[in-house]
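# Descriptive structure summary
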Amino acid sequence: MPSSRGINPLIERSINKQVSVVRPVVWKLHQSLCFSFWISNFELAIMVKGPGLYSDIGKKARDLLYKDYQGDHKFTITTYSPTGVAITSSGTKKGELFLADVNTQLKRNNITTDIKVDTNSNLSTTITVVEPLPGLKTIISFKVPDQRSGKVELQYLHDYAGICASVGVDANPIVNFSGVVGNNISSIGADVSFDTKTGNFTKCNAGLSFSNADLIAALTLNDKGDTLNASYYHIVKPLTNTLVGAEVNHSFSTNENTITVGTQHSLDPLTMVKARVNNFGKANALIQHEWRPKSHFTLSGEVDTKAIDKSAKFGLALALKP
């Protein structure tokens with residue numbers, strides 16, 4: 001006798017049996033793909049030698065807490081010419097204001113040239129030379145018509161040190177120097193800037209970092225000793241890219257604390273969700289989906305939990321790459 005769904009019972013039992021066999025196989029394959037994807041990134045991070053640059057101190061926590069959150073509407077599309085030139089066009093709508101720019105990137109051997117034009121008629125050029133000598137990177141940048149924007153930067157990475165030095169290309173340049181010593185487990189460094197025109201230090205920061213297999217902790221002293229920042233980044237579950245992080249900022253001049261905590265979780269290899277909240281009641285969340293390779297759709301929102309009557313803010317970002 002046919003079942004209530006009009007299917008022969010023998011055929012229905014056969015289908016159910018095959019589905020029960022296939023379902024765990026598909027699920028295990030899904031888990032294996034997720035694990036392979038995230039563990040490859042994890043192994044890549046572990047293989048990195050040296051302490052990196054000063055800007056890398058606390059970067060993992062900052063990216064977790066602040067990266068990809070969007071309060072505006074942004075659209076980015078990248079195309080490639082047959083000769084390998086990448087052209088990226090982007091537009092951002094901020095309230096009633098619309099900003100746009102076009103960036104052209106040309107790579108030849110170890111030299112990368114970026115030329116960007118924006119709606120304010122600024123022409124920005126950045127030339128990056130990777131490893132003219134082992135461990136060295138040279139960056140030359142300038143913006144037209146800003147005559148004081150020219151800068152030459154040198155970065156040097158070693159197994160036990162990371163150095164970055166830059167100087168402005170004008171009569172009274174600002175000189176910046178940062179250095180880190182240590183290894184990929186622990187490091188300590190400083191970052192200073194000196195204005196040759198006024199003869200004053202415009203920036204004087206110091207920081208230290210500690211890392212192990214699944215945890216990164218960092219402590220920095222910024223704003224010439226006025227602000228203390230502590231951050232924490234923890235990999236809870238590599239299989240689902242589940243992360244948690246926190247950041248505490250203390251201002252000695254105002255005696256004010258800012259505490260931000262956040263988390264990230266991958267629903268599948270193509271979909272990620274993030275959330276954060278701070279002690280002022282601002283809560284943010286986003287969902288990002290890679291609907292095709294290298295192309296992302298991100299929807300984010302912000303709500304003030306101490307003023308629920310106010311309208312929530314929403315942001316949208318769409319990035320397209322071939």
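The following paragraphs examine the structure supplied in this document. Keep in mind that what you see is a predicted model, and the values were worked out from it rather than measured.

Further remarks concern the overall build of the protein chain. Scanning the protein chain for helices and strands turns up two helices and 19 strands. In the protein chain, which comprises 322 residues, the proportion classed as buried is 30%. Of the contacts formed within the protein chain by residues at least 6 apart in sequence, a portion of 27% connects residues at least 24 apart.

Before going further, it helps to examine unusual backbone geometry. Here the residue pair Val144 and Pro145 is connected by a cis peptide bond, since its omega of 15° sits within 30 degrees of zero. Within the chain, Glu131 stands out as a residue other than glycine whose phi angle is a positive 50°. Here Glu131 shows up in the loop between strand 5 (123-130) and strand 6 (136-144).

What follows covers the nonpolar core. With five residues, the main nonpolar core is built from Ala61, Leu64, Tyr233, Ile235 and Leu243. Elements supplying a minimum of two residues to this core: helix 2 (59-66) and strand 13 (227-237). Look past the residues within four positions of Leu243 in its chain and what remains in contact with it is Leu64, Tyr233, His234, Ile235, Val236, Gly262, Thr263 and Gln264.

In the structure shown here, the tally under the stated rule is one aromatic pair. Here the basic side chain of Arg276 rests over the ring of Tyr69, its NZ or CZ set 4.3 Å away from the ring centre.

This structure, assessed with the given rule, holds five salt bridges. A salt bridge links Lys151 to Glu153, with the nearest nitrogen and oxygen atoms 3.9 Å apart. Exposure remark for Lys151: the relative accessible area of 33% places this residue in the partly exposed category.

Position of Thr76 relative to the elements: it lies in strand 1 (residues 73-80). On the basis of relative accessible area, Thr76 is assigned to the buried category, the value being 17%. Setting aside residues up to four positions removed in sequence, Thr76 forms contacts with Thr88, Ser89, Ser90, Leu318, Ala319 and Leu320.

Taken together, Val181, Ile188, Leu208, Leu219, Leu221, Leu228 and Phe252 make up a surface patch of nonpolar side chains, about 570 Å² in accessible area. Residue placement: Val181 occurs in strand 9 (residues 174-182). Taking the relative accessible area as the measure of exposure, Val181 reaches 47% and is therefore partly exposed.

So, about the pairing of strand 19 (residues 313-320). Where strand 1 and strand 19 come together, five bridges link them in parallel fashion. By the bridge assignment for strand 19, Ile77 is matched with Leu320. Strand direction decides the pairing type here: strand 18 (residues 295-304) and strand 19, joined by seven bridges, are antiparallel. From the neighbouring strand, Ser300 faces strand 19, where its bridge partner is Gly315.

Here we take up the environment of Ser253. Assignment of secondary structure puts Ser253 in the loop between strand 14 (242-251) and strand 15 (256-268). Residue classification places Ser253 among the exposed residues on the basis of a relative accessible area of 55%. Sequence separation between Ser253 and Asp226 is 27 residues; the distance between their C-alpha atoms is 6.4 Å. Within polar-contact distance, the side chain of Ser253 engages the side chain of Ser251 at 3.2 Å.

Note on helix geometry: an α-helix contains 3.6 residues per turn, so any two residues three or four positions apart are oriented the same way. Turning to helix 2, its buried residues number three or more, namely Ala61, Leu64 and Leu65. Buried residues of helix 2, viewed axially, fall in a sector of 90°; they line one side. Packing partners of the buried residues in helix 2 comprise strand 13, strand 14, strand 15 and strand 16 (271-278).

Reading guide: rules and limits
Residues numbered from 1 in each chain as written. Predicted model: local features only at pLDDT ≥ 70, side-chain atom pairs only at ≥ 80, totals over all residues. Heavy atoms only, no water. Helix = DSSP H or I, 4+ residues; strand = E, 2+ residues; numbered from the N terminus. Buried < 20%, exposed > 50% of the residue type's maximum accessible area, 1.4 Å probe, protein only. Contact = heavy atoms within 4.5 Å. Core = buried A, V, L, I, M, F, W, Y, C linked by side-chain atoms within 4.5 Å. Phe/Tyr/Trp six-rings, centres within 6.5 Å; stacked < 30°, edge-to-face > 60°. Lys NZ or Arg CZ within 6 Å of the ring centre and 35° of its normal. Salt bridge = Lys/Arg side-chain N within 4 Å of Asp/Glu carboxyl O. Patch = residues over 30% accessible without salt bridge, like charges linked within 9 Å, V, L, I, M, F, W, Y side chains within 5 Å. Areas by Shrake-Rupley, 256 points an atom, 1.4 Å probe, with all protein chains shown as cover. Pairing = 2+ DSSP bridges. Polar contact = N/O pair within 3.5 Å; in protein donor to acceptor, adjacent residues only side chain to side chain. Arc of directions from axis to C-beta.

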